[in-house]
Amino acid sequence: MKKYTIEMKKIGGWFMAILFLFSSCNEDVLEENPLSFLTPENSYLTEDGIRQGISGLHTEVREAFYAMTRFTTMLTYRGLGADLGYFGEDPGTNRYLVDYVTYLTPSSKEVEDYWNTGFRIIARANLLIESIEKAEEEVFSSEPRNVYLAEARFFRAWAYRSLVSTYGDIPLLEEPVKSARADFVRDPVAKIHKLMEDDFKFGTEHLPTPGSEAAPGRITQGVAWHYLAETYLEQRNPQLAVEAATHAIDDYDYDLMTERFGTRLDNDVFGAGDPFYDLYGFGNHNLAENKEAMWVIQVEPFLTGGSRNGSGYIFGPSYFRMGNTPDGYPAFLGIMYEGKYTGYNDTLSRPVATMRGTNYSYYDIWASDWDNDLRNAEHNIKRNFYFDNPASSFDKQKIDFSLYEDGARDALRDTNQYIFPWHSKFGDACNYFEQPHRAGGGITHKDAYALRFAETLLVRAEAYLGIDRADLAADDINKIRSRSNASAVSAESVTYDYILDEYARELWCEHWRHIILRRMGKLVERTRKYNSNPIFPGARIQDHNKLWPIPQSQIDLNVDAEFPQNPGY
């Protein structure tokens, strides 16, 4: 099934060892020629080694941003601390960008982790790029040299995409760092964008066409065109962005899914479904009939080396913690396991409210099409929860906290942690493979979309607006809205804010929200307006928070060159 997934997992440990040796070796060690263990000098001498290096890049991206195991790197890009969500489990804490004033500092763990993760990917990519370029031609038999080179360069540019958006001017590294250095400088954003442009453009020329890639999840030309279009938007060149996005849209077989498909046919756990709902069914991401998938993160568990996805843990209310019914019985008996009720529902699993959506996400953006936009249907956003205990007179009644006596409940926890709308795409109802005593424990084993076609349409709509073609922007947006039975938007109504609303409706917590908000100059404005954290409204974001601080550890170690801090920190 997915040999590629096995390869990604298998090389993780020794690649970390390579990085450690690589960054800490002295000149004498660099002159040695070890043959009995893996080093940067001998790891990529064969095509198998190069292929494993590519797999290592995929693994790092998966584990850092999509497996939901490294909270500090993956939560923020999804919209936490912006207009889409906040930390519902404890909205008054000092974690996860709940409060910019106290949390976003140069010594914040999140600031350091995000920086280190991005540059770790770049370091791996540069090592691999150098090795591919130096390898003898006879090494390459399965795929041409430039296919591997294009994929390694893609990941370098992709990592810079996030770093330059987040921190602004940063070091431009095009070659491996082979000895200890303390003289890095902050290169201007324009230089970083030019490297990204060149790397993504190389990918459009040398990556395989969609459908001809060596394994599921490998990067293809269409993905490179998409990110090249984004790069042109960052460079304030919307005409080139239109052209690049149009290549991704027109040159291949991508399309929106408008008919039911895959494993959820005749298996609608919530009693209904639609093509949007089917996109997130277990096993559906890699199906040949799924024309919407452009880049899929491989997670499937059935072979040794398969992975897991904590999306069911991160996204959703902690219903199982809410306590008793109004008449004093446990509110949720849940499923039966080994003769006992567990308290966990097998359709909801065990989420812990790490990402609680804002009122903007759950209500405002749906107001105009509340009843007809299928993305807002109960099977896609579950809004109604019911007491589950036959001993209670409230059994099967909708949970309503007004049923309790005054003062009997903690309203803050009730609405921020225990019960709030749940996007079912992040769960895998009644389909879990571990922790049966906790209905899967919030762990799913579904693949995940890093990119799907709807996002490319929205990128082109954004670019069209930049060249004053709101009519064409509306056409692209309406392709997406039509699929979900939402009313068409007129050209006169298309603004950057409207496009951001459509991103939220279509791609809530799938897309890199902070990057898009910064690109449009909207991060501070919309976080203040829409982040509905009841303890820290607007997350107390400040004007200078449009960029994050440089990690203090980076500045302290860089003793041989000036490395200035971002303004305001």
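Report follows, based on the coordinates. (Residues numbered from 1 in each chain as written. Predicted model: local features only at pLDDT ≥ 70, side-chain atom pairs only at ≥ 80, totals over all residues. Heavy atoms only, no water.)

## With respect to the side chain of R452
- Along the chain, R452 turns up in strand 8 (residues 448–452).
- Side-chain polar atoms of R452 contact the side chain of Y280, separated by 2.8 Å.
- Polar side-chain contacts of R452 include one of 3.2 Å to the side chain of E510.
- Aside from chain neighbours lying at most four places away, what touches R452 is F276, L279, Y280, E292, M294, R483, E506, L507 and E510. (Helix = DSSP H or I, 4+ residues; strand = E, 2+ residues; numbered from the N terminus. Polar contact = N/O pair within 3.5 Å; in protein donor to acceptor, adjacent residues only side chain to side chain. Contact = heavy atoms within 4.5 Å.)

## Side note on the nonpolar core
- By size, the foremost hydrophobic cluster in this structure holds 110 residues, and its most contacted members are Y160 and W295.
- A per-element tally of this core places helix 8 (residues 145–167) first, with 13 residues.
- Leave out the neighbours within four places in its chain, and Y160 touches F119, I122, I170, P171, L172, L173, I192, L195 and M196.
- With 21 residues, the next largest nonpolar core counts I314, F315, M355 and Y360 among its residues. (Core = buried A, V, L, I, M, F, W, Y, C linked by side-chain atoms within 4.5 Å. Buried < 20%, exposed > 50% of the residue type's maximum accessible area, 1.4 Å probe, protein only.)

## Side note on the packing of aromatic side chains
- Per the counting criterion, the structure on display carries 40 aromatic pairs.
- Ring plane angle 50° and centroid distance 4.9 Å describe the contact between W115 and F119, whose orientation is recorded as tilted. With W115 and F119 both in helix 7 (residues 109–134), this residue pair falls four residues apart, about one helical turn. As far as the burial class goes, W115 and F119 line up, both buried.
- A centroid spacing of 3.9 Å and a plane angle of 15° characterise the contact between F315 and F426, whose relative ring orientation is stacked. With F315 in the loop between helix 13 (311–314) and strand 3 (336–337) and F426 in the loop between strand 7 (422–423) and strand 8, this residue pair connects regions lying 111 residues apart in the sequence. Of the two residues, F315 and F426, both sit in the buried class.
- It is R161 that lies over the ring of W512; its NZ or CZ is 5.2 Å from the centre.
- The cationic tip of R409 hangs over the ring face of Y404; the distance from NZ or CZ to the ring centre is 4.8 Å. (Phe/Tyr/Trp six-rings, centres within 6.5 Å; stacked < 30°, edge-to-face > 60°. Lys NZ or Arg CZ within 6 Å of the ring centre and 35° of its normal.)

## What to know about the side chain of N284
- Counting through the fold element by element, N284 comes out in the loop between helix 12 (275–278) and strand 2 (293–297).
- In this structure the side chain of N284 is engaged in a polar contact, spanning 2.8 Å, whose partner is the backbone oxygen of D278.
- The residues contacting N284, other than those within four sequence positions of it, are F261, G262, T263, R264, D278, L279 and N290.

## Some remarks on the pairing of strand 2
- Among the five residues that make up strand 2, five are buried, leaving the element largely enclosed by the rest of the structure.
- Where strand 2 meets strand 8, four bridges bridge the pair, whose relative direction is antiparallel. Each bridged residue has a counterpart across the sheet, and for I297 the counterpart in strand 8 is A448. (Pairing = 2+ DSSP bridges.)

## Section: the environment of E405
- Note on placement: E405 falls in the loop between strand 6 (381–382) and helix 15 (411–418).
- Take E405: its relative accessible area is 67%, and that puts it in the exposed class.

## A few points about helix 20 (residues 523–530)
- Among the residues making up helix 20, those that are buried are L523, V524, R526, T527 and Y530.
- Contacts from the buried residues of helix 20 go to helix 6 (100–103), helix 14 (359–362), helix 18 (496–507) and helix 19 (513–519).

## Regarding the packing of helix 10 (residues 221–234) against helix 16 (residues 453–466)
- Two numbers describe how helix 10 lies on helix 16: the axes approach to 10 Å, and their chain directions differ by 30°. By the angle between their axes, helix 10 is roughly parallel relative to helix 16. Of the two elements, helix 10 crosses helix 16, and the hand of that crossing is left-handed. Counting all contacts with helix 10, which are made through H226, A229, E230 and L233, the residues of helix 16 involved are E455, T456, V459, E462 and A463.
- Class assignment for the residues of the contact of helix 10 with helix 16 results in four nonpolar, two polar and three charged. (Axes fitted to C-alpha atoms, helices over the stretch in contact; angles between N-to-C directions. Parallel < 35°, antiparallel > 145°, perpendicular 65-115°, else oblique. Left-handed = near helix turned anticlockwise from the far one by under 90°. Nonpolar A, V, L, I, M, F, W, Y, C, P; charged D, E, K, R; others polar.)

## A look at the packing of helix 10 against helix 11 (residues 238–250)
- Across the interface, helix 10 lies against helix 11 with an axial gap of 8 Å and an inter-helix angle of 165°. Relative to helix 11, the element helix 10 lies roughly antiparallel. The interaxial crossing formed by helix 10 with helix 11 has left-handed handedness. In this structure, helix 10 contributes G222, W225, H226, L228, A229, Y232 and L233 to the contact, and helix 11 contributes P238, L240, A241, A244, A245, H247 and A248.
- Its residues assigned to classes, the contact of helix 10 with helix 11 comprises 11 nonpolar, three polar and no charged.

## Here we look at the environment of Y337
- As for its placement among the helices and strands, Y337 is situated in strand 3.
- Sequence-wise, Y337 and H285 are 52 residues apart; in three dimensions their C-alpha atoms are separated by 31 Å.
- Y337 has contacts with T342, P436 and H437, leaving out every residue within four places of it along the chain.
- Here the side chain of Y337 touches E338 through a polar contact of 3.4 Å, side chain to side chain.

## Topic: the pattern of salt bridges
- On inspection of all chains with the given rule, the structure shows 50 salt bridges.
- Between D48 and R51 there is a salt bridge, with its nearest N and O atoms 2.7 Å apart. With D48 and R51 both in helix 4 (residues 47–66), this residue pair falls three residues apart, about one helical turn.
- Judged by relative accessible area, D48 falls into the exposed class, the value being 51%.
- Note on R51: relative accessible area 17%, which makes it buried.
- In this structure, D497 engages K522 in a salt bridge whose closest nitrogen and oxygen atoms are separated by 3.0 Å. Of this pair, D497 sits in helix 18 while K522 sits in the loop between helix 19 and helix 20, placing them 25 residues apart in sequence.
- Look at D497 and you get partly exposed, because its relative accessible area is 24%.
- Judged by its relative accessible area of 14%, K522 falls in the buried class.
- What emerges from the salt-bridge pattern is a single network uniting E292, D369, D373, R375, K425, R452, R481, R483, E502, R505, E506 and E510. (Salt bridge = Lys/Arg side-chain N within 4 Å of Asp/Glu carboxyl O.)

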